[in-house]
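# Examination of the molecular architecture
Given next are the chains, with one letter for each unit.
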Amino acid sequence: MQSVSFTNEQMTKKTAKKKTTKKKEFSHKSSVDDLIQKEAKGETYGQMDDNVDIISTGSYRLDKVLGGGFARGWSKWRGDFESGKTSMALNWAAQWQNFYGDDAFVFHFDTEGRVTKERRDASNIDSSPDRYRCELLNTAETVMDVIRKFVLDNPFKKKYFFIIDSSDGMIRKDDKPKAFAGKDTPKIGGGAVLSSMFGRNMSLPMVVGGHHLFICSQVRDQINTNSRKSGKGLGGGNMGRAVGFYSSLMGELRSSWSNLKIKKGKEKEAEEIGHYCNILLEKTPNEQTGKQVLVPIKKGLKGGIWVAREAFDVAEEMGLLSGSSWISMNELLVDQIKSKYPDFEPKLKLQGVNQWVEYLESTPQVVQSIFDYANSFNSALEELKSNTTNEMEGIEW
């Protein structure tokens, strides 16, 4: 076979030719970007921002279960009358105001005419006109259009917290003038159709814009095809089940049973001073569905949530406070307090639960130390679980 050789000049020309014909490197990202610009221009909101603001609910226990609190999007809460839905909505709205400051605005749609000044004053909500508006409005289409306008256009560049209180009080515009009897009666299920359209239209913009929609509804009995079974429905009142599809957080505020009442004094003469709000989580973004949380509420306390009582409960559960008649502080809690507040001298022993709760109400240092210790303990426990899982995965069985 005849050998072929190239001069340096020929090699240079050949190499140059190869470089000019080299294919352009394929980039999946640039190709997707080109496709989106071509096909979805003006319709896409881009990619999801992973930096999500988490706002405290005001309750340590509820925050812990929810992974820190609540975030943007939809939440739907149902319960019997006087179960605390409106109070919870106003409390969350106040937390929203505290988190976003002057950028926050709360839009409260009172569809039943029950949100009085006294109820607002009992919460921590800032009801000044530039931060809060309560509108007496129950026309479903108008409520939805107002929300749509503020979310899509956002003329004042605010972070909106919308409250629909409640969905049961809303009615379709066409049904308002109709009589209650005869062939022209209001349409059954019309609100469900509207809410389904509203959800498809507004669920994504609500999340992308960083807003929150809080929907209250009554508990309704569910008719089951199996006559041996009955239960509570998960619907959204007049807005139907579509509300649940678009909500990232759902729950029921259950009635306070007698054993959830908080009393003060001797058994026969005991005065009811509060209760535990019994919250059943029905849908969560962090796989906590089915969890039940008890949040202490004190009568007459602005904002409702009894932080001192919750701190006592947490401390007792973790063994930081122990005893029956006389309750003593554990050395672990003393060390935790001293590590952050070296000059503070805590009381080590008090008689009864009520004295301890009253003491905690006047000592935020001890309350914060209880929660700090609980957070550290839970973090260490999670790390131990994670390390144990990794070690187990590395074993050859």
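Parameters and conventions
Residues numbered from 1 in each chain as written. Predicted model: local features only at pLDDT ≥ 70, side-chain atom pairs only at ≥ 80, totals over all residues. Heavy atoms only, no water. Pairing = 2+ DSSP bridges. Helix = DSSP H or I, 4+ residues; strand = E, 2+ residues; numbered from the N terminus. Buried < 20%, exposed > 50% of the residue type's maximum accessible area, 1.4 Å probe, protein only. Contact = heavy atoms within 4.5 Å. Axes fitted to C-alpha atoms, helices over the stretch in contact; angles between N-to-C directions. Parallel < 35°, antiparallel > 145°, perpendicular 65-115°, else oblique. Left-handed = near helix turned anticlockwise from the far one by under 90°. Nonpolar A, V, L, I, M, F, W, Y, C, P; charged D, E, K, R; others polar. Expected span 1.5 Å × (residues − 1). Arc of directions from axis to C-beta. Polar contact = N/O pair within 3.5 Å; in protein donor to acceptor, adjacent residues only side chain to side chain. Salt bridge = Lys/Arg side-chain N within 4 Å of Asp/Glu carboxyl O. Phe/Tyr/Trp six-rings, centres within 6.5 Å; stacked < 30°, edge-to-face > 60°. pLDDT = per-residue confidence, 0-100. Patch = residues over 30% accessible without salt bridge, like charges linked within 9 Å, V, L, I, M, F, W, Y side chains within 5 Å. Areas by Shrake-Rupley, 256 points an atom, 1.4 Å probe, with all protein chains shown as cover. Core = buried A, V, L, I, M, F, W, Y, C linked by side-chain atoms within 4.5 Å.

## Some words on the sheet that holds strand β12 (residues 321–322)
Pairing within the open sheet is antiparallel, and its three strands lie in the order β12-β13-β14. Looking at which strands have only one partner, the edges of the open sheet turn out to be β12 and β14 (349–351). As judged from the three bridges shared by strand β13 (residues 326–329) and β14, these two strands associate in the antiparallel manner. Counterpart to Trp326 in the pairing with β14 is Gln351.

## Notes on the side chain of Ser369
Mapped onto the elements, Ser369 comes out in helix α12 (residues 364–393). Looking at Ser369, the relative accessible area reads 1%, which means it is buried. Setting aside chain neighbours within four positions, we find Ser369 in contact with Leu333, Gln336, Ile337 and Tyr341.

## Concerning the packing of helix α9 (residues 307–317) against helix α11 (residues 352–361)
Contact geometry for α9 and α11: axes closest at 8 Å, N-to-C directions at 120°. Our classification of the angle between α9 and α11 gives oblique. When the axes of α9 and α11 are compared, the crossing they make is right-handed. Counted together, Ala308, Arg309, Ala311 and Phe312 of α9 and Val353, Trp356, Val357, Leu360 and Glu361 of α11 form the full contact between these two elements. Looking at side-chain class alone, the contact of α9 with α11 contains seven nonpolar, no polar and two charged residues.

## Quick notes on helix α4 (residues 85–100)
With 16 residues, α4 should cover 22 Å at 1.5 Å per step; its first-to-last C-alpha distance of 23 Å lies within 8% of that length. For α4, the tally of buried residues reaches 13 of 16 residues, placing the bulk of the element in the interior. Of the residues one or two after α4, Gly101 is the one with positive phi, at around 60°.

## What to know about helix α10 (residues 331–340)
Of the positions making up α10, those classed as buried are Leu333, Val334, Gln336 and Ile337. Relative to the axis of α10, the buried residues are bounded by an arc of 160° and lie together on one face. Of the exposed residues in α10, the ones pointing more than 90 degrees away from its buried face are Glu331, Asp335 and Ser339. For α10, the capping residue at the N-terminal end is Asn330, with a side-chain oxygen 2.7 Å from the backbone nitrogen of Leu332.

## Re the pattern of salt bridges
Summed over all chains, the structure comprises 19 salt bridges. Of the charged contacts, one joins Asp174 and Arg172 as a salt bridge, the two residues approaching to 3.9 Å between their closest N and O atoms. Here Asp174 falls in the partly exposed class, since its relative accessible area comes to 49%. Look at the salt bridges and you will find they share partners, linking Arg61, Arg309, Asp313 and Glu317 into a network.

## Let's talk about the packing of aromatic side chains
The final tally for this structure, using the stated rule, is 21 aromatic pairs. Ring plane angle 75° and centroid distance 4.9 Å describe the contact between Phe99 and Tyr100, whose orientation is recorded as edge-to-face. Phe99 gets classed as partly exposed once you look at its relative accessible area, which sits at 41%. With 6.0 Å between their ring centres and 65° between their planes, Phe105 and Phe107 make a pair best called edge-to-face. In this structure, Phe105 and Phe107 share a single accessibility class: buried. Among the aromatic residues, those joined into a ring-pair cluster are Phe70, Trp77, Trp92, Trp96, Phe99, Tyr100, Phe161 and Phe214.

## Regarding unusual backbone geometry
Of note, the amide linkage connecting Asp165 to Ser166 takes the cis form, showing an omega dihedral of 5°. By secondary structure assignment, the location of Ser166 is in the loop between β4 (159–165) and α7 (190–209). At Glu82, a residue that is not glycine, the phi angle is positive and equals roughly 60°. Locating Glu82 in the fold gives a position in the loop between β1 (73–79) and α4. Positioned with a positive phi, Lys157 is a non-glycine residue whose angle comes to about 55°. When you line up the elements, Lys157 lands in the loop between α6 (140–152) and β4.

## A word on the confidence of the model for the chain
Residues at a pLDDT of 70 or more form 81% of the chain, whose mean pLDDT is 85. The spread of mean pLDDT over the elements of the chain runs between strand β7 (residues 231–232), the lowest at 45, and strand β2 (residues 104–110), the highest at 98. Throughout residues 1–18 the model reports pLDDT below 50, and contacts reaching past four residues in sequence, or to other chains, amount to two contacts.

## Focus on a nonpolar patch on the surface
A surface patch of nonpolar side chains, amounting to about 340 Å² of accessible area, comprises Tyr45, Leu152, Leu204 and Val208. Judged by relative accessible area, Tyr45 falls into the partly exposed class, the value being 43%.

## Some remarks on the nonpolar core
Membership of the largest hydrophobic core comes to 31 residues, with the highest contact counts inside it found for Trp77, Trp92, Phe161, Phe214, Ile279 and Leu281. Broken down by secondary-structure element, the contributors of at least two residues to this core are α3 (60–66), α4, β2, β4, β5 (212–218), β8 (249–254), β10 (271–283) and β11 (292–298). Discounting residues that sit within four places of it in the chain, Leu281 has contacts with Leu62, Val65, Leu66, Trp77, Met250, Gly251, Gln288, Thr289, Gly290, Lys291 and Val293. Of all hydrophobic cores here, the second largest spans 30 residues; its members include Ile273, Tyr276, Phe312 and Val334.

## A word on the pairing of β10
Examined bridge by bridge, β8 and β10 share five bridges and lie antiparallel to one another. Bridging across to β10, Arg254 finds its partner in Asn278. Where strand β9 (residues 261–264) meets β10, four bridges bridge the pair, whose relative direction is antiparallel. The partner of Lys261 across the bridge, within β10, is His275. The sheet contact formed by β10 and β11 spans seven bridges and is antiparallel. Within β11, the position partnered with Asn278 by the bridge is Leu294.

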